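Now for the letters of each chain:
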Amino acid sequence: MIDVPALVAQAREGRPRAVARLISLVEGASPQLREVMATLAPLTGRAYVVGLTGSPGVGKSTSTSALVAAYRRQGKRVGVLAVDPSSPFSGGALLGDRVRMQEHATDPEVFIRSMATRGHLGGLAWSAPQAIRVLDAAGCDVVLVETVGVGQSEVEIAAQADTTIVLLAPGMGDGIQAAKAGILEIGDLYVVNKADRDGADATARELNHMLGLGEARAAGDWRPPIVKTVAAKQEGVDEVVDALAKHYAWMQESGELAARRVRRAAAEVETIAVTALRERFGNLHGDKHLDALARRVAEGELDSYTAADDLISSITA
């Protein structure tokens, strides 16, 4: 058995191996996971969680690395949670984000963890919320969460981050995507990366136009800014950090930060509860009560909704 309080104390001291061990316990759904989360709970709530999402190829990993450098110049401890897609065949992942962030690998104030989605949809790994809590408790001032290259409907990051950055790039069809619902509705900040390419100004204009058309904001509401960057050259990154600071200040002043964190906690609790129920239901194949209800439904004696209510009552009683 692992000495969880001692491991958490080591993580608080900034020891990378302790942080990595805690996240491994989370990813592996360890029997000690409940003890880990209970020990971490009083130590969380301090980190600023920033999500980065966008289509494949827009420069999410490069932008994440550039933001790490910018925050380190401010003396902040930074955690990075980079999510990579899993192979549907082997279950493995390339974890290429770690390759692109080698410049920070030896910095003791930067912790980078790659995670595989393991088939979970929405652009994040199932264990991402708990992993964010580990990095928060480990003393990270900022936690950057980079999603997999996502499509228009994979917007789970908005429910896990305090601020969501949506990245776009010219020449990738994003002008058309700006007219579609989904991923381009969740941003608190929009970044047109690779702005040294032709079409960057046009992409920013089209995005600004679509944001204007979709506005339904009251006085004092946040209007997402649009920032152009060349992350590979560190151009425009300071402007992104400034915009993030302004959004954080607005959230604190308006009460939105606390509201978002409550919604995030509610979603996490709901997910854990639903998963536990699903595991209980998953063992029902061959259950005599289920078989009896199924026969009655098949014979028309009972409707399926009443049968489901009966089954739920029998399980939760």
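Our structure's up above, just so we're on the same page.
Because the structure is a prediction, the values reported are computed rather than measured. (Residues numbered from 1 in each chain as written. Predicted model: local features only at pLDDT ≥ 70, side-chain atom pairs only at ≥ 80, totals over all residues. Heavy atoms only, no water.)

Novice: Break down the overall build of the protein chain for me, with residues and values.
Specialist: When helices and strands are tallied, the protein chain shows 12 helices and 7 strands. Looking at the protein chain as a whole, 45% of its 317 residues qualify as buried. A sequence separation of at least 24 residues applies to 74% of the contacts in the protein chain between residues at least 6 apart. Only carbon and sulfur atoms are counted for the fraction: they give 54% of the accessible area of the protein chain, which is about 16,000 Å². (Helix = DSSP H or I, 4+ residues; strand = E, 2+ residues; numbered from the N terminus. Buried < 20%, exposed > 50% of the residue type's maximum accessible area, 1.4 Å probe, protein only. Contact = heavy atoms within 4.5 Å. Areas by Shrake-Rupley, 256 points an atom, 1.4 Å probe, with all protein chains shown as cover.)

Novice: Provide a residue-level description of the packing of helix α9 (residues 237–254) against helix α10 (residues 256–281), including the pertinent values.
Specialist: Across the interface, α9 lies against α10 with an axial gap of 5 Å and an inter-helix angle of 85 degrees. The orientation of α9 relative to α10 falls into the category roughly perpendicular. Every residue of α10 that contacts α9 at His 247, Tyr 248, Trp 250, Met 251, Gln 252 and Ser 254 is listed here: Glu 256, Leu 257, Arg 260 and Arg 261. (Axes fitted to C-alpha atoms, helices over the stretch in contact; angles between N-to-C directions. Parallel < 35°, antiparallel > 145°, perpendicular 65-115°, else oblique.)

Novice: Tell me about the pairing of strand β5 (residues 163–168), residues and numbers included.
Specialist: Along β5, 6 of the 6 residues are buried, which leaves the element largely enclosed by surrounding structure. The side-chain alternation of β5 yields two buried faces, one formed by Thr 163, Ile 165 and Leu 167 and the other by Thr 164, Val 166 and Leu 168. Where strand β1 (residues 48–54) meets β5, 5 bridges bridge the pair, whose relative direction is parallel. Bridge pairing in β5 links Thr 53 to Val 166. The sheet contact formed by β5 and strand β6 (residues 189–192) spans 4 bridges and is parallel. Each bridged residue has a counterpart across the sheet, and for Leu 167 the counterpart in β6 is Val 191. (Pairing = 2+ DSSP bridges.)

Novice: Explain helix α8 (residues 200–213) residue by residue, including any values.
Specialist: For α8, spanning 14 residues, the distance from its first C-alpha to its last is 20 Å, which sits close to the expected 20 Å at 1.5 Å a residue. Within α8, the full set of buried residues consists of Ala 200, Thr 203, Ala 204, Leu 207 and Leu 211. Buried residues along α8 cover an arc of 95 degrees about the axis, so they all sit on one side. Exposed and oriented more than 90 degrees from the buried face of α8 are Arg 205 and Leu 213. In this structure, the buried side of α8 is in contact with β5, β6 and β7 (226–228). (Expected span 1.5 Å × (residues − 1). Arc of directions from axis to C-beta.)

Novice: Give a description of the side chain of Ser 63 that names residues and reports values.
Specialist: Mapping Ser 63 onto the fold places it in helix α4 (residues 60–73). Among all residues touching Ser 63, those that are not within four sequence positions of it are Leu 52, Leu 167, Asn 193 and Ala 231.

Novice: Tell me about helix α3 (residues 33–40), residues and numbers included.
Specialist: Given 3.6 residues to a turn, an α-helix orients residues that are three or four positions apart in the same direction. For α3, the full list of buried residues reads Leu 33, Val 36, Met 37 and Leu 40. Down the axis of α3, the smallest arc covering the buried residues is 95 degrees, so these residues share one side. Residues of α3 that are exposed and angled more than 90 degrees away from the buried face: Arg 34 and Ala 38.

Novice: Lay out the packing of aromatic side chains in plain terms, naming residues and giving numbers.
Specialist: All told, the structure shown has 2 aromatic pairs when counted by the stated rule. Ring centres of Trp 222 and Trp 250 lie 6.0 Å apart, and the angle between their planes is 40 degrees; on these two criteria the pair is classed as tilted. Highlighted residues: Trp 222 in the loop between α8 and β7 and Trp 250 in helix α9, separated in sequence by 28 residues. Residue classification places Trp 222 among the buried residues on the basis of a relative accessible area of 18%. (Phe/Tyr/Trp six-rings, centres within 6.5 Å; stacked < 30°, edge-to-face > 60°.)

Novice: Describe the packing of helix α1 (residues 4–12) against α3, and please don't skip the residues or the numbers.
Specialist: For the pair α1 and α3, the least separation of the axes is 10 Å and the interaxial angle reads 50 degrees. Between α1 and α3, the crossing angle belongs to the class labelled oblique. Seen from above, α1 lies across α3 with right-handed handedness. Between α1, through Val 4, Pro 5 and Val 8, and α3, the contact on the second element is made entirely by Glu 35, Val 36, Thr 39 and Leu 40. Looking at the contact of α1 with α3 residue by residue, the classes come out as 5 nonpolar, 1 polar and 1 charged. (Left-handed = near helix turned anticlockwise from the far one by under 90°. Nonpolar A, V, L, I, M, F, W, Y, C, P; charged D, E, K, R; others polar.)

Novice: Hey, could you go over the nonpolar core for me, with residue numbers and the actual values?
Specialist: Counting residues in hydrophobic clusters, the biggest one holds 37 residues, and the most contacted among them are Val 19, Leu 22, Leu 81, Val 134 and Leu 135. Secondary structure elements with two or more residues in this core: α1, α2 (16–27), α3, β3 (110–116), α6 (128–137), β4 (142–146), β5 and α8. Setting aside chain neighbours within four positions, we find Leu 135 in contact with Val 19, Ile 23, Gly 79, Val 80, Leu 81, Phe 111, Cys 140 and Val 143. (Core = buried A, V, L, I, M, F, W, Y, C linked by side-chain atoms within 4.5 Å.)

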